[in-house]
Amino acid sequence: MAQRGFPGGFELLVLLALIRLGDEAYGVPISEAIEASSGKEVALGSVYITLERLERKGLVSSRLGEPTAERGGRAKTYFRVTAKGIRTARHAQHTLVSLWTGVPQLERGTA
Amino acid sequence: MRSPEPPPMATWLMTRLLSSPARESLIGDLVERHRHRRARTWYWRQALLAIATDVLATMWAHRLRTTRTLIVVCLALYGFGLVEPRLQVAIDASWKTPLDDWILGRQMYTTFVWTRRIGLDALTPSLLWCSAFTASSALAVRLQPRQRSSIVLVLIVAWVASCEPFLVQSVRDWMDHPRASMWFWRAAWFWVWTLAAVPSCMWIGGGMWRVDRLRQQH
């Protein structure tokens, strides 16, 4: 069972992509950042569902931009990580790194 | 195949079926990515995945209400199934029996065969069941107004999935009797009924044309 407040795998990917991108992050660059790091195609629908969930948890905030012709007159929704989101990402990093270190199977060049 | 414009049908489906508050932004992002060297198949795949993800997330977020709604709809349809044969007999007595008598009384046997081929004998139960599906969809949406698109889509998928064995059988019957046109008409009617008439009734009953009202709710 997942620990309460600990982000899930895809949630963590989205959160880290948001931290990397800064204030001008919206669906397209977020999905491109995840695709670039994972090497797999990402469903934009999944990114938005995850962003909504993170927003409900208070880890992310959003604001609506201006509509543009390139997007068929549709506005962008910009996302940014909140202070709570940063704390959560840092906590996840500490947890994962402490579990990662000292495991021979995960050392570089093995398996 | 590449085109500067994304497939309008996929965009239309997302406009109708996505219940996410960020629906317009999501569609805008897909349009933007499509314009930057993406294929139509990519757009379609993303659109269908977005709809499926949205429906599943919405259903999961309201799983108790969704379960209750589906149970009520199933019970309502089951109850209708109990009274439908009596209704059918009463309605058929008012138009079908006199029409058959009139056609056969004038020895118009070819016309009689064609009334069977075009499914005129099944008109009463078809209309009765279409009304029942429209009403059940309206009932489901009344029980769960904020998840309208999700619940209507689930009802349509459940209906088509439940008919899948009969759809396959209708094609087999038709292929086993390629020279008998009756099998073709039977298969054609069954496909039109399953994939067009009932889903359309559910769509209409669920008020899916009222997209602007749905936007205001969010």
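Before reading on, note that the structure itself is shown above.
Anyway, here's the lowdown on the structure attached to this text. Model, not experiment: these values are computed from the prediction.

With that settled, the discussion passes to helix α4 (residues 63-105) of chain B. All names here are of chain B. If you look at α4, its biggest bend is around 55°, right at Ala93. Within α4 the residues assigned to the buried category are Thr66, Thr69, Val73, Leu77, Phe80, Glu84, Asp92, Lys96, Asp100 and Ile103. Elements that come into contact with the buried residues of α4 comprise α3 (40-61), α5 (109-117), α6 (123-143) and α7 (148-176). Phi turns positive one or two residues past the end of α4, at Gln107, with a value near 55°.

Attention now goes to the state of the cysteines. Counted under the stated rule, the structure contains zero disulfides over all chains. For the unlinked cysteine B:Cys201, the closest cysteine sulfur is that of B:Cys130, found at 3.6 Å.

In this section: the packing of α4(B) against α5(B). Residues and elements named next belong to chain B. α5 packs onto α4 with a crossing angle of 145° between their chain directions and a minimal axis gap of 8 Å. The chirality of how α4 crosses α5 is left-handed. Here Asp100, Ile103 and Leu104 of α4 come into contact with α5, specifically with Tyr109, Thr111, Phe112, Thr115 and Arg116.

One finds A:Leu18, A:Ile30, B:Met14, B:Tyr43, B:Ile51 and B:Phe133 to be the most contacted residues of the largest nonpolar core, which totals 58 residues. For this core, the element with the most residues is α7(B), which contributes eight residues. Look past the residues within four positions of B:Met14 in its chain and what remains in contact with it is B:Arg23, B:Ile27, B:Leu30, B:Tyr43, B:Ala47 and B:Ile51.

Right, let's talk about α7(B) for a bit. Taking 1.5 Å per residue as the helical rise, α7(B) with its 29 residues ought to reach 42 Å, and the 42 Å between its terminal C-alpha atoms agrees with that figure. Along its length, α7(B) shows its largest kink, about 50°, at B:Glu164, and proline B:Pro165 lies within four residues downstream of that point.

Here we take up the environment of B:Val141. Residue and element names in this part refer to chain B. Structurally, Val141 is set in helix α6. The exposure class assigned to Val141 is buried, which follows from its relative accessible area of 8%. Between the C-alpha atoms of Val141 and Asp176, which are 35 residues apart in sequence, the distance is 42 Å. Leave out the neighbours within four places in its chain, and Val141 touches Arg148, Ile151, Val152 and Gly206.

Looking now at the pattern of salt bridges. Summed over all chains, the structure comprises 11 salt bridges over all chains. Note that B:Asp29 and A:Arg71 form a salt bridge whose closest N and O atoms lie 2.6 Å from each other. In this pair, B:Asp29 is assigned in helix α2 (residues 23-35) and A:Arg71 in the loop between β1 (60-68) and β2 (74-81), connecting two distinct chains. One exposure class covers both B:Asp29 and A:Arg71, and it is buried. A salt bridge links B:Glu5 to B:Arg35; the nearest nitrogen and oxygen atoms lie 3.3 Å apart. With B:Glu5 in the segment before α1 (8-17) and B:Arg35 in helix α2, the pair connects residues that are 30 residues apart, well separated along the chain. Overall, B:Glu5 belongs to the partly exposed group, its relative accessible area being 46%. The exposure class assigned to B:Arg35 is partly exposed, which follows from its relative accessible area of 29%. Among the charged side chains, a salt-bridge network with shared partners connects A:Glu11, A:Arg53 and A:Lys57.

So, on to the packing of aromatic side chains. This model, assessed by the stated rule, comprises eight aromatic pairs over all chains. Measuring from ring centre to ring centre gives 5.9 Å for A:Tyr26 and A:Tyr78, while their planes differ by 75°; the resulting arrangement is edge-to-face. Placement of the pair is A:Tyr26 in the loop between α1 (9-21) and α2 (27-38) and A:Tyr78 in strand β2, with a sequence separation of 52 residues. A relative accessible area of 14% means that A:Tyr78 is categorised as buried. For the pair B:Trp159 and B:Trp193, a centre-to-centre distance of 6.3 Å together with 90° between the ring planes defines the contact as edge-to-face.

Cut-offs applied
Residues numbered from 1 in each chain as written. Chains lettered and ligands numbered in written order. Predicted model: local features only at pLDDT ≥ 70, side-chain atom pairs only at ≥ 80, totals over all residues. Heavy atoms only, no water. Bend = angle between axes of the 7 residues up to and from the residue. Helix = DSSP H or I, 4+ residues; strand = E, 2+ residues; numbered from the N terminus. Buried < 20%, exposed > 50% of the residue type's maximum accessible area, 1.4 Å probe, protein only. Contact = heavy atoms within 4.5 Å. Disulfide = S-S within 2.5 Å. Axes fitted to C-alpha atoms, helices over the stretch in contact; angles between N-to-C directions. Left-handed = near helix turned anticlockwise from the far one by under 90°. Core = buried A, V, L, I, M, F, W, Y, C linked by side-chain atoms within 4.5 Å. Expected span 1.5 Å × (residues − 1). Salt bridge = Lys/Arg side-chain N within 4 Å of Asp/Glu carboxyl O. Phe/Tyr/Trp six-rings, centres within 6.5 Å; stacked < 30°, edge-to-face > 60°.

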